Amino acid sequence: MRLTAAVPAALAATLLVTGTLPAAAAPPGAHATGPACSPRVSIDRYSDALDKRSVDGLYVGNFSALARDTDGDLLALSDRSALVTLDGRTREPLRGIPLADEDGRPLDSEGLVVEKDGGRLIASEAEPSVRRYDRAGHPVGRLPVPDGLRVAPAGRATANQTFEGLTAGPGARTLTASMEGPLAGDGTDAQGRPLHRFQTWQRQPHGGYALGRQYAYPAEQGMTIPEITALHDGRLLVLERKFEPQGNTIRLYLADPRRADDTRDTEKLTGATRPAGKTLLADLTRCPSLGAPARQPQINPLLDNIEGMTVLGRAHGRLHLLLVSDDNQRAQQITRLYDMTVRL
């Protein structure tokens, strides 16, 4: 079944109630809908309205994650130690705050979850770490991290290949972080796909988090994992990405970790390890370009370095996703928002 650009009226009403944009409306600078990327996915519009802007003296860009705040606005996390608030409807930058670790040092901030009380959980791929911040951007605690996931020589992870995605599951009881790359010594599945570790934490009655199960996810050869988003039934949406001289390849998968082996006590992953199952939803290079410009070579000019993803609404088996690209603060790249519909 091919997804059309139009969203049913019931979905539009649902998204409006939740403070998100219905499909018939678009923020300033958005470009209109085109055909579907696949039978289950369409990119309905894109917007470059945030590109090369600033707010409160902070650069609006370098975005690696998105999340809905408790008041309906959007939070966009910069991997250069900043958190930018966007208006929940117009997506205009409202304010920005700098972030730092407990000693005032900058973060390589990559993953973002907003807790029910408004606290911010932010993953950094430097150590790696997951810290809790208050609304003002002050660190108020850290979650435990297994030694094996730390960057070598403390652990077996490669620098800049650690916690890249962060998401909270149903009821915010389970937190999951995805490793961008595999650990040294870990192998491949039966199909030769590198196995990446996903780490979970369980929220405790007192409000803290305890280490939970860990499992393997099989990424395609040459692909890394920039983002994950939890669904209501325990499954995940997973972005896989590869950059080559001809441009970005980005794919969206539906992953099911519910029958995957618990690997927290497994020293090395092998073909005998049962990983999370996965289904390709769309290769985004096959999406219509919607007339989008590109400032560097791209397989599809619509795509840039997509790193952030969040669910804005759901109805009748369809999800309204918002994705964002990381422009790396380079003139040749673009901070671009993508409104996407996914049929599960």
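Quick caveat, the model's predicted, so the values are computed rather than measured.

S.K.: So what's going on with the nonpolar core? Residues and values would help.
M.R.: L237, L252, L284, L321, L323 and M340 are the most contacted members of the largest nonpolar core, which has 27 residues in total. Contributing elements (two or more residues each) for this core: β2 (41-47), β18 (236-244), β19 (247-256), β20 (277-283), β21 (306-315), β22 (318-325) and β23 (337-343). What L323 contacts, discounting residues up to four positions off in sequence, is L66, L239, L284, I306, G308, M309, R336, L337, Y338 and M340. Counting 16 residues, the second-largest nonpolar core is a separate cluster that includes L121, V145, L166 and M179.

S.K.: Could you give an account of the confidence of the model for the protein chain, naming the residues involved and the relevant values?
M.R.: Reading fine detail from the predicted coordinates is not recommended where pLDDT is low. Across the protein chain, the average pLDDT comes to 91, with 90% of residues at or above 70. In the model, residues 1-25 has pLDDT below 50 throughout and makes 58 contacts with residues more than four positions away in sequence or in other chains.

S.K.: For the sheet that holds strand β12 (residues 139-142), give the residues involved together with the corresponding values.
M.R.: Read across the sheet, four strands follow the order β9-β10-β11-β12 without closing on themselves; strand pairing throughout is antiparallel. In this open sheet, the two edge strands, each paired with only one partner strand, are β9 (109-114) and β12. Each strand of the sheet is rotated relative to its neighbour by a mean of 30°, with strand direction disregarded. Two strands pair when backbone bridges link them, and β9 and strand β10 (residues 120-124) are joined in this way by five bridges, in the antiparallel orientation. Across the sheet, residue S109 finds its bridge partner in β10, namely S124.

S.K.: Give a description of the sheet that holds β18 that names residues and reports values.
M.R.: Strand order in the open sheet formed by four strands is β17-β18-β19-β20, and the pairing between neighbours is antiparallel. Edge positions in the sheet fall to β17 (224-230) and β20, since each has one partner strand and no second. Along the sheet, successive strands turn relative to each other by an average axial angle of 25°, direction set aside. Note that β17 and β18 share five bridges and pair antiparallel. When the sheet's bridge partners are listed, T229 is paired in β18 with L237.

S.K.: Any chance you could break down the pairing of strand β8 (residues 93-98) for me, citing the residues and the numbers?
M.R.: Pairing of strand β7 (residues 82-86) with β8 involves five bridges; the strand directions are antiparallel. Directly across from L83, in β8, lies its bridge partner I97. Between β7 and β8, which follow one another and run antiparallel, lie six residues, and R91 among them has a positive phi close to 65°.

S.K.: Account for the side chain of E227, naming residues and giving values.
M.R.: Residue placement: E227 occurs in strand β17. Setting aside chain neighbours within four positions, we find E227 in contact with S64, A65, L66, E164, G165, L166, L237, V238, L239, E307, G308 and M309.

Criteria and cut-off values
Residues numbered from 1 in each chain as written. Predicted model: local features only at pLDDT ≥ 70, side-chain atom pairs only at ≥ 80, totals over all residues. Heavy atoms only, no water. Core = buried A, V, L, I, M, F, W, Y, C linked by side-chain atoms within 4.5 Å. Buried < 20%, exposed > 50% of the residue type's maximum accessible area, 1.4 Å probe, protein only. Helix = DSSP H or I, 4+ residues; strand = E, 2+ residues; numbered from the N terminus. Contact = heavy atoms within 4.5 Å. pLDDT = per-residue confidence, 0-100. Pairing = 2+ DSSP bridges. Axes fitted to C-alpha atoms, helices over the stretch in contact; angles between N-to-C directions.

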